[in-house]
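Fold and geometry: a report
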Amino acid sequence: MAYLLHHEGLTGALRIFGKKPQMNDADLLKRLRKQLGEDAGKALNSLLERYDYEPAAAYKGWLFSYIDANICVDHFVIEDAKKFATPPRSMAAIAQLLSSGIQVAKPKPKARSDKKGNQTPAHSSSKTTPPSSGKPLPDHQTQSATTQIAPANRWHDPLAVCTLRTAGLAGKTGAMFGWTRNGGKKNHQGIDLAANPGTPIYAVADGIVYSKKSPSSSYAYGNTLVLEVGINDLPEPQAAEFRRINPNARTIGFFYAHLSGLPDTPKQIVKSGDVIGKTGSSGNASKMTSIALGAHLHFEVRLEARKVATGLANRADPLPFIVNCTNR
Ligand SMILES: [Zn+2]
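Overview of the structure. Since the structure is predicted, the reported quantities are computational estimates derived from the model, not experimental observations. (Residues numbered from 1 in each chain as written. Predicted model: local features only at pLDDT ≥ 70, side-chain atom pairs only at ≥ 80, totals over all residues.)

1. Regarding the overall build of the chain
- The number of helices and strands found in the chain is nine helices and eleven strands.
- Counting across all 328 residues of the chain, residues that qualify as buried make up 36%.
- Long-range contacts, defined here as pairs at least 24 residues apart, represent 71% of the contacts in the chain between residues at least 6 apart. (Helix = DSSP H or I, 4+ residues; strand = E, 2+ residues; numbered from the N terminus. Buried ≥ 20, exposed ≤ 12 C-beta atoms within 10 Å, placed from the backbone. Contact = placed C-beta atoms within 7 Å.)

Here is the structure:
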């Protein structure tokens, strides 16, 4: 909301919420052209097409996506793990709640597959709630449930909200897999997903969980578990990704580290979406007691689930397996 006010000014914001008369079409088109920059002609046509050539709807659609792409609410939530686990509302949903009689046209589905998508800035299109036309928007919980169920029946991301860690690193790249640390001089064996200690972790697919308490205070991973999954129990997108890396494999491992809570028994059969433990700050993350201090789930993909190997051996990039990542 603060960003919307900053961008539009008070009068503009009141217009957006239907509390003041809308600008005329010519002015709206002028504004859009200015916002879309260099490639304005092409981008503007494509945007207008998505909104049935209604400049007011197109402007709101553009603005809401723009704000969602620029403001990541997760970055402002530091202490409250519960709030952090709830996906942020899209700007369109907030506008709908605050508006009197606002009409935000739904973009046509066809335009979503537009090659360039340059009418919708950055990464916003895949995760924002499409503007609704009149119908009440689903409440927050419903949105969250849809996000988890829609992509595939047998995959569940390891956290309810997956956001690459940035705290304590030069940027999100340092939270990614590979030679991403110390300016490319040091490797990182998985990805770091920001989470306050105590955040539930989920089985990403059906399989067997092997958990292990930290063997010593100097063990970098702390409390860990590995979920071994048969390739046939992976949904197709994840199975295809793994076959590409490891064509003859029959199983795959998903490794979770720095945990605070582990399953009751060291070996457990689980279903996709089961809570299998809690994030923590065990191992070399002991000073990372909040997201602001770098708290995270360290998550790896292992070619052989229970094989121990150093460096990047026996590992693959986990990020392509994650369905919803807020800042990939
Ligand atoms: Zn890590």
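2. Regarding the environment of Ala 93
- Summarising the element assignment, Ala 93 is placed in helix 6 (residues 91–98).
- On the basis of neighbour counts, which here come to 22 C-beta atoms within 10 Å, the residue Ala 93 falls in the buried class.

3. Observations regarding the nonpolar core
- Formed by 45 residues in total, the largest nonpolar core has its most connected members in Leu 193, Ala 203, Leu 225, Leu 227 and Tyr 256.
- The set of elements that each furnish at least two residues to this core consists of strand 3 (191–194), strand 4 (200–202), strand 6 (223–230), helix 9 (236–245), strand 7 (251–261) and strand 10 (296–302).
- For this core, the element with the most residues is strand 7, which contributes six residues.
- Setting aside residues up to four positions removed in sequence, Ala 203 forms contacts with His 156, Val 209, Leu 227, Val 270, Lys 271, Ser 272, Gly 273, Asp 274 and Ile 276.
- Core analysis: the next-biggest nonpolar cluster, separate from the first, contains 17 residues, Leu 4, Ala 43, Ala 58 and Ala 95 among them. (Core = buried A, V, L, I, M, F, W, Y, C linked by C-beta atoms within 7 Å.)

4. Considering helix 2 (residues 25–36)
- Helix length check: helix 2 (twelve residues) gives 16 Å between terminal C-alpha atoms against 16 Å at 1.5 Å per residue, within 8%.
- A positive backbone phi angle near 70 degrees is found at Gly 37, which sits one or two residues after helix 2. (Expected span 1.5 Å × (residues − 1).)

5. Section: the environment of Val 209
- Turning to its location among the elements, Val 209 is positioned in strand 5 (residues 207–212).
- Taking the number of C-beta atoms within 10 Å as the measure of exposure, Val 209 has 22 and is therefore buried.
- Between the C-alpha atoms of Val 209 and Lys 271, which are 62 residues apart in sequence, the distance is 10.0 Å.
- What Val 209 contacts, discounting residues up to four positions off in sequence, is Ala 203, Leu 225, Leu 227, Pro 263, Gln 268, Val 270 and Ile 276.

6. Structural notes on the packing of helix 2 against helix 4 (residues 55–70)
- It is the contact of helix 2 with helix 4, at a shortest axis distance of 9 Å, that shows an interaxial angle of 30 degrees. Put simply, helix 2 runs roughly parallel to helix 4. Read as a crossing pair, helix 2 and helix 4 show a hand that is left-handed. Where helix 2 approaches helix 4, its residues Asp 25, Leu 28, Leu 29, Arg 31, Leu 32 and Gln 35 are matched on the opposing element by Pro 55, Ala 56, Ala 58, Tyr 59 and Trp 62.
- Considering only residue class, the contact of helix 2 with helix 4 consists of eight nonpolar, one polar and two charged. (Axes fitted to C-alpha atoms, helices over the stretch in contact; angles between N-to-C directions. Parallel < 35°, antiparallel > 145°, perpendicular 65-115°, else oblique. Left-handed = near helix turned anticlockwise from the far one by under 90°. Nonpolar A, V, L, I, M, F, W, Y, C, P; charged D, E, K, R; others polar.)

7. Concerning unusual backbone geometry
- Look at Tyr 53: it is not a glycine, yet its phi comes out positive at around 60 degrees.
- Position of Tyr 53 among the secondary structure elements: in the loop between helix 3 (40–50) and helix 4.

8. Focus on helix 4
- Across its 16 residues, helix 4 extends 22 Å between first and last C-alpha, which sits within 8% of the 22 Å expected from 1.5 Å per residue.
- Burial runs high along helix 4: twelve of the 16 residues are buried.
- Within helix 4, burial applies to Pro 55, Ala 57, Ala 58, Tyr 59, Lys 60, Gly 61, Trp 62, Leu 63, Phe 64, Ser 65, Ile 67 and Asp 68.
- Where the residues of helix 4 are buried, they touch helix 1 (2–16), helix 2, helix 3 and helix 6.

9. Description of the pairing of strand 7
- With nine of eleven residues buried, strand 7 lies mostly within the body of the structure.
- Where strand 6 and strand 7 come together, seven bridges link them in antiparallel fashion. In the strand pairing of strand 7, Leu 225 is matched with Tyr 256.
- Of the pairings in the sheet, the one linking strand 7 to strand 10 comprises five bridges and is antiparallel in character. Each bridged residue has a counterpart across the sheet, and for Gly 253 the counterpart in strand 10 is Arg 302. (Pairing = 2+ DSSP bridges.)

10. What to know about the pairing of strand 5
- Looking at chain direction, strand 5 and strand 8 (residues 267–270) are connected through four bridges and run antiparallel. Of the residues in strand 8, the one forming a bridge with Ile 208 is Ile 269.
- The sheet contact formed by strand 5 and strand 6 spans five bridges and is antiparallel. Looking at the pairing, Lys 212 lines up with Thr 224 of strand 6.

11. Considering the packing of helix 4 against helix 6
- At a minimum axis separation of 8 Å, helix 4 and helix 6 run at an interaxial angle of 125 degrees. Accordingly, the angle class assigned to the pair helix 4 and helix 6 is oblique. Counting all contacts with helix 4, which are made through Phe 64, Ile 67 and Asp 68, the residues of helix 6 involved are Met 91, Ala 92 and Ala 95.
- For the contact of helix 4 with helix 6, the residue count by class is five nonpolar, no polar and one charged.

Remember that the coordinates give geometry; whether it matters functionally is a separate question.
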